[in-house]
Amino acid sequence: MLDIAFIRERPEQVKEGLINRGDSPNIVDEVLTLDGHRRALLQQVEALRAERNRVSKEISRMRDKTEREERIAAMRLVGKRIGELETRLRQVESDLRQVMAFLPALPHESVPVGPDETHNVVVRQWGEPREFDFEPIPHWDLGPELDILDFERGVKLSGSRFYVLKKEGARLQRALISWMLDVHTREHGYTEIYPPFVVKKECMWTAGELPKFAENIYHDVEDDIWLVPTAEVPLTNLHRDEILSGDDLPLHYVAYTACFRREKMSAGRDVRGIKRGHQFDKVEMYRITTPETSYQALEEMVEEALDLCRRLGLPYRVLELCTGDLGFHSSKTYDIEVWAPGCGEWLEVSSLSNCESFQARRANIRYRPERGAKPRFVHTLNGSGLALPRIMIAVLETYQQADGSVIVPEVLRPWMGGIEVIGGDQAA
RNA sequence: GGAGGGAUGACCGAGUGGACGAUGGUGACGGUCUUGAAAACCGUUGUGGCUCUCAGGCCACCGAGGGUUCGAAUCCCUCUCCCUCCGCCA
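Throughout what follows, the structure given in this document is the object of discussion. Note that this is a predicted model, so its numbers are computed, not measured.

Cut-off values and rules
Residues numbered from 1 in each chain as written. Chains lettered and ligands numbered in written order. Predicted model: local features only at pLDDT ≥ 70, side-chain atom pairs only at ≥ 80, totals over all residues. Heavy atoms only, no water. Salt bridge = Lys/Arg side-chain N within 4 Å of Asp/Glu carboxyl O. Helix = DSSP H or I, 4+ residues; strand = E, 2+ residues; numbered from the N terminus. Buried < 20%, exposed > 50% of the residue type's maximum accessible area, 1.4 Å probe, protein only. Pairing = 2+ DSSP bridges. Phe/Tyr/Trp six-rings, centres within 6.5 Å; stacked < 30°, edge-to-face > 60°. Lys NZ or Arg CZ within 6 Å of the ring centre and 35° of its normal. Axes fitted to C-alpha atoms, helices over the stretch in contact; angles between N-to-C directions. Contact = heavy atoms within 4.5 Å. Lys, Arg positive; Asp, Glu negative; His and termini not counted. Polar contact = N/O pair within 3.5 Å; in protein donor to acceptor, adjacent residues only side chain to side chain.

A few words now on the pattern of salt bridges. Under the counting rule described, the total for this entry stands at 30 salt bridges. A salt bridge links E86 to R49; the nearest nitrogen and oxygen atoms lie 2.6 Å apart. Taken together, the residues span a long stretch of sequence, with E86 in helix α4 (residues 65-100) and R49 in helix α3 (residues 26-61) at a distance of 37 residues. Given the relative accessible area of 27%, R49 is considered partly exposed. Taken together, the shared-partner salt bridges connect R8, D35, R38, R39 and E93 into one network.

Here it is, written out as structure tokens:
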């Protein structure tokens, strides 16, 4: 959600941001028109309410019965008028809220301007893709051959885009999750959170998922409860409607959740393998900061996510998303991609965003810089640290051997019960 | 699932139609006193909106949303959440 006062004062700047994103700027004029109506009505209503308040107090003190009756009759008319105006005001306010809800976050000035993902900029790169002396095979062949990944039974249970992990496959995922959580909590200073995996509709709206992305989220109609598409949703809502003390900031949270997405937008794409399932696991980093420190925090989060990739020995590149590829609620985003030699592509394993005050406004999360000072909106940041299926793909494909076995990266072995190789002689 | 009780400011808690944005207490902050601290005493201690050069003015907010009324924290309706007891259960 954008600041209505800001839109009022700098409409051209808002329009420019929308155009750079590839959105229509017309919505700004719509907002300004509704805002004008709203304020005009509000002034009328408030003037009448002030009159009613004043006269009602007088009535309570009146002795003269006739005069009293006269005033009550007069106020009855005023009340009726107020009621009419309030009805119109409510309508205008709800229209305005509705239109505002579709306004995306404005891109930060440092974000490269461009229409689509072809204009994203590679800002960092690390590691060399491994040289193979045999033809590396994709994980959708590797997994079933090792008997750690079962697509047919996943489909039998739940339909397309579902799969079953077994044996060391399941264990590898569990090891990765535990390891990531341990690194973030012990070394990067995060507080671990285990949130609900389903939330109320309100939480989806707050996080910016609704109303725009309703068709991508599963929900239960009977209880109107929604399955989280990312841990970012419950984490954003953790401090909803709170005024934090300046001393509390910055807050660093890390949470593991399963994530559920209907993937209606990408029907038919990436159907092979575990790259894009309806259900996937993710460890999510989340920070709440002051406005002054949020961009520094974003760089730190990127570094923390890259730290994991380096320890796993996975070559990566970092993309700075251009304005046209930016997510709805983000002002600046970096994507981290690792190389998967089997399927031969860069896989997005993390997306790190500074939402500035966009979510904070929707969620009404503020902080008091110091005692007695006025509350200000916080900045919120989120980033995967990391997304499991794609890291699994990269690990399996990168560390595969000619005999079809997979070497377990050294950093993970303590979480794998000491298993060094999946398949081969040590097969469980 | 059944029965009952509740939601008021940072916290506790009073308030059942008119001077209540809200008694009182706790905490916090400032001050007096003190060598210092404590105690005691005095004072301060909300959020948002509209208007506005400033000072200020006005409006709204007592879980949420409607309604009754000249006037609602207070009465009515709907919803949400919490608690207690019983039942069921990983």
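Having seen the structure, we can now continue with the description.
Attention now moves to the sheet that holds strand β5 (residues 198-200). With antiparallel pairing, three strands are arranged side by side in an open sheet as β5-β7-β6. The open sheet terminates on both sides in strands that have one partner only, identified here as β5 and β6 (219-220). Pairing geometry for β6 and strand β7 (residues 225-227), over two bridges, is antiparallel. Its bridge partner being in β7, D220 is matched across the sheet by I225.

Moving on, we come to the packing of aromatic side chains. One pass over the full model with this rule turns up seven aromatic pairs. For the ring pair W126 and Y316, a centre distance of 5.5 Å and an interplane angle of 20° mean the geometry is stacked. Remark: Y316 occurs in strand β11 (residues 316-320) and W126 occurs in strand β1 (residues 121-126); sequence separation between them is 190 residues. Judged by relative accessible area, W126 falls into the partly exposed class, the value being 31%. For Y316, a relative accessible area of 2% translates into the label buried. Judged by centre distance (6.3 Å) and plane angle (75°), the rings of F197 and Y256 are edge-to-face. With a gap of 59 residues between them, F197 in the loop between β4 (191-193) and β5 and Y256 in strand β9 (residues 251-260) connect regions that are remote in the sequence. One aromatic cluster in this structure is built from Y194, F197 and Y256. The aromatic ring of W205 is capped on one face by R362, whose charged end is 4.4 Å from the ring centroid.

Strand order in this open sheet of eight strands is β1-β11-β12-β13-β16-β10-β9-β4, and the pairing throughout is mixed. The open sheet terminates on both sides in strands that have one partner only, identified here as β1 and β4. Between one strand axis and the next, the sheet turns through 25° on average, direction left out of account. Across five bridges, β11 lies against strand β12 (residues 332-340) in antiparallel orientation. Each bridged residue has a counterpart across the sheet, and for R317 the counterpart in β12 is E337. Sitting on the sheet, helix α7 (residues 167-186) is in contact with β4, β9, β10 (279-289) and β16 (379-387), with an inclination near 5° to β10. Its contacts with the sheet place helix α12 (residues 388-398) against β10, β12, β13 (345-354) and β16, and it is angled at close to 35° to β16.

This part covers the side chain of R362. Within the secondary structure, R362 is located in helix α11 (residues 358-363). Of the side chains with opposite charge, E209 lies nearest to the buried R362, which makes no salt bridge, at 9.2 Å. Polar contacts involving the side chain of R362 include one to the main-chain carbonyl oxygen of L210, which spans 3.2 Å.

Interpretation note: all reported values are geometric properties and have no functional meaning in isolation.
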